[in-house]
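Coordinates in review
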Amino acid sequence: MSTIGSFEGFQPVSLKQEGDDQPSETDQLSVDEGDPGKDPMPKQISRQPSVTKSTLYPNPYHRPYISRKYFVTRPGAIETAMEDLKGHIAKTSGEKIQGFWLLTEIDHWNNEKERILLVTDKNLLICKYDFIMLSCVQLQRIPLGAVYRICLGKFAFPGMSLDKRQGEGIRIYWGSPEQQSLLSRWNPWSTEVPYATFTEHPIRHTSEKFLEICKLSGFTSKLVPAIQNALKNPSGSERQKRLMVLTEPILIETYMGLMSFIGNRNKLGYSLARGSIGF
């Protein structure tokens, strides 16, 4: 009496990913059914190359509902932020804006913070913007003439660090780290850090619009010439005449990193939908 699973003539086949053009050892066809007495002669399946093309917008590996959690992706949010900042600059200084970028700031304790950056003909502005309430919370103004060094490279950590990150970024110096006080260096909320570190925003691949304003190379290509132009005609208080642009690892001196571990994995530095609390 035959049992289930003992049928003859069936062969296991492996499932392959789309686009794999190499035939498998199990990709075989049985002999013609009209000649049961003839030994089966396996034939290889003729596979056609995949014609599926992956597009960059949207990213085929990006789940759209994940990007919708970021309030900056809501319709009109980033446009409202840009108009607010344009109006503020027009009223306060009247400077010419070179461009807007949406980047992630990484502080000296490895905490991620969502930021809007503006480059004008005189200043670099770092804006903390609340995309939930659509309002500017904090605006840091850095004179371009004070910037003397820019570092581009991969992130590096001390050997004993427990919370490391991958990727690349840019660090902008307008003061010497050696002159930073010990209290400021070990204070996670210090505003006296003489440099700022940035990397690309997590939503950069959600659309062509965000890819453009989240691109680190685009920000660098605008920032460097703007600084060089500002250094050509420095004010009386400026000392630096030359900008150094270096390619080297960007060191983040964190060891335990418990606060950044919790904050970064829960995206506490972003305007993010956290879900409902009630029932």
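From a predicted model like this one, the values you see are computed outputs, not experimental measurements. (Residues numbered from 1 in each chain as written. Predicted model: local features only at pLDDT ≥ 70, side-chain atom pairs only at ≥ 80, totals over all residues. Heavy atoms only, no water.)

1. Let's talk about the overall build of the chain
In plain terms, the rule: Under the DSSP-based scheme used, a helix requires at least four consecutive residues in state H or I and a strand at least two consecutive residues in state E, with every element numbered from the N terminus. Classification of residues uses two cut-offs on accessible area relative to the type maximum, computed with a 1.4 Å probe and protein chains only: under 20% is buried, over 50% is exposed, and between them is partly exposed. In what follows, residue pairs with any heavy atoms lying within 4.5 Å of each other are defined as contacts.
Summing up its helical and strand segments, the chain has 6 helices and 11 strands in all. Taking all 279 residues of the chain together, 37% fall into the buried category. Residue pairs in contact within the chain that sit at least 24 positions apart in sequence constitute 61% of those at least 6 positions apart.

2. Re unusual backbone geometry
With glycine set apart, most residues show a phi of negative sign, and most peptide bonds adopt trans. Residue Leu134 is not a glycine yet carries a positive backbone phi of 55°. Of note, Leu134 is situated in the loop between β5 (123–130) and β6 (135–143). Residue classification places Leu134 among the partly exposed residues on the basis of a relative accessible area of 36%. For Lys267, which is not glycine, the phi dihedral falls at a positive 55°. With relative accessibility at 24%, the residue Lys267 sits in the partly exposed group.

3. Overview of the pattern of salt bridges
Spelled out, the test is: Just to be clear on terms, a salt bridge is a Lys or Arg side-chain nitrogen sitting within 4 Å of an Asp or Glu carboxyl oxygen.
Tallied over the full model, the rule gives 9 salt bridges. In this structure, Glu95 and Arg141 form a salt bridge, with 3.4 Å as the shortest nitrogen-oxygen distance. Note that Glu95 is positioned in the loop between α2 (77–92) and β3 (97–106) and Arg141 in strand β6, a separation of 46 residues in sequence. Residue Arg141 is classed as partly exposed on the basis of its relative accessible area of 36%. Linking Glu112 and Arg165 is a salt bridge whose minimum nitrogen-to-oxygen distance equals 3.0 Å. With Glu112 in strand β4 (residues 112–120) and Arg165 in the loop between β7 (149–156) and β8 (168–173), this pair connects stretches of sequence that are 53 residues apart. When sorted by exposure, Glu112 lands in the same class as Arg165, which is buried. One network of salt bridges, with partners in common, ties together Glu112, Arg165 and Lys267.

4. Observations regarding the environment of Ala273
With respect to the element layout, Ala273 can be found in the segment after α6 (258–265). Sequence spacing of Ala273 and Phe71 is 202 residues, and the spatial spacing of their C-alpha atoms is 7.0 Å. If near-sequence neighbours (up to four positions away) are discounted, Ala273 is found in contact with Lys69, Phe71 and Arg74.

5. Here we look at the confidence of the model for the chain
As a reminder, the rule being used: Known as pLDDT, the predictor's confidence for each residue is given on a scale from 0 to 100.
On average, residues of the chain score 80 in pLDDT, and 72% of them reach the 70 mark or higher. Per-residue pLDDT stays below 50 along residues 1–38; that stretch engages in 35 contacts with residues further than four places along the chain or on separate chains. Throughout residues 42–55 the model reports pLDDT below 50, and contacts reaching past four residues in sequence, or to other chains, amount to 23 contacts.

6. Topic: α2
Put simply, the test is: Between the first and last residue of a helix there are one fewer steps than residues, each counted as 1.5 Å, and that sum is the expected span. What the arc measures is the spread of directions leading from the helix axis to the C-beta atoms.
Look at α2: 23 Å from first C-alpha to last across 16 residues, which is about the 22 Å you get at 1.5 Å a residue. When α2 is considered as a whole, its buried residues turn out to be Ala77, Ile78, Ala81, Met82, Leu85 and Ile89. Take α2 and look down its axis: the buried residues cluster within an arc of 135°, on one side only. Opposite the buried face of α2, by more than 90 degrees, sit the exposed residues Glu83, Ala90 and Lys91. Buried residues along α2 sit against β3, β4, β5, β6 and α4 (208–213). Just past α2, the residue Gly94 takes up positive phi, approximately 70°.

7. Section: the layout of surface pockets
Empty space among the atoms can be located by rolling a probe the size of a water molecule over them. The test is simple: Cavity and pocket criteria rest on a 1 Å grid covering protein atoms alone: a 1.4 Å probe that fits but cannot get out defines a cavity, protein on both sides within 12 Å along at least 5 of 7 lines defines an open pocket, and an atom within 4 Å of a point defines a lining residue. Grid points are joined across faces, edges and corners, and a volume is the space filled by probe spheres set on the points. Polar here means any residue outside two lists: the nonpolar Ala, Val, Leu, Ile, Met, Phe, Trp, Tyr, Cys and Pro, and the charged Asp, Glu, Lys and Arg; Gly therefore counts as polar.
Roughly 810 Å³ of volume is contained in the largest pocket. Forming the walls of the largest pocket are 34 residues, and the residues nearest its centre are Glu105, Asp107, Lys113, Arg115 and Gln138. Only β3, β4, β5, β6, β9 (195–200) and α6 provide two or more residues apiece to the lining of the largest pocket. Its residues assigned to classes, the lining of the largest pocket shows 14 nonpolar, 11 polar and 9 charged. Computed from the structure, the second largest pocket encloses a volume of approximately 470 Å³. Mapped onto the lining of the second largest pocket, the elements with two or more residues apiece are β7, β8, β11 (250–251) and α6. Here the lining of the second largest pocket is composed, by residue class, of 14 nonpolar, 4 polar and 6 charged.

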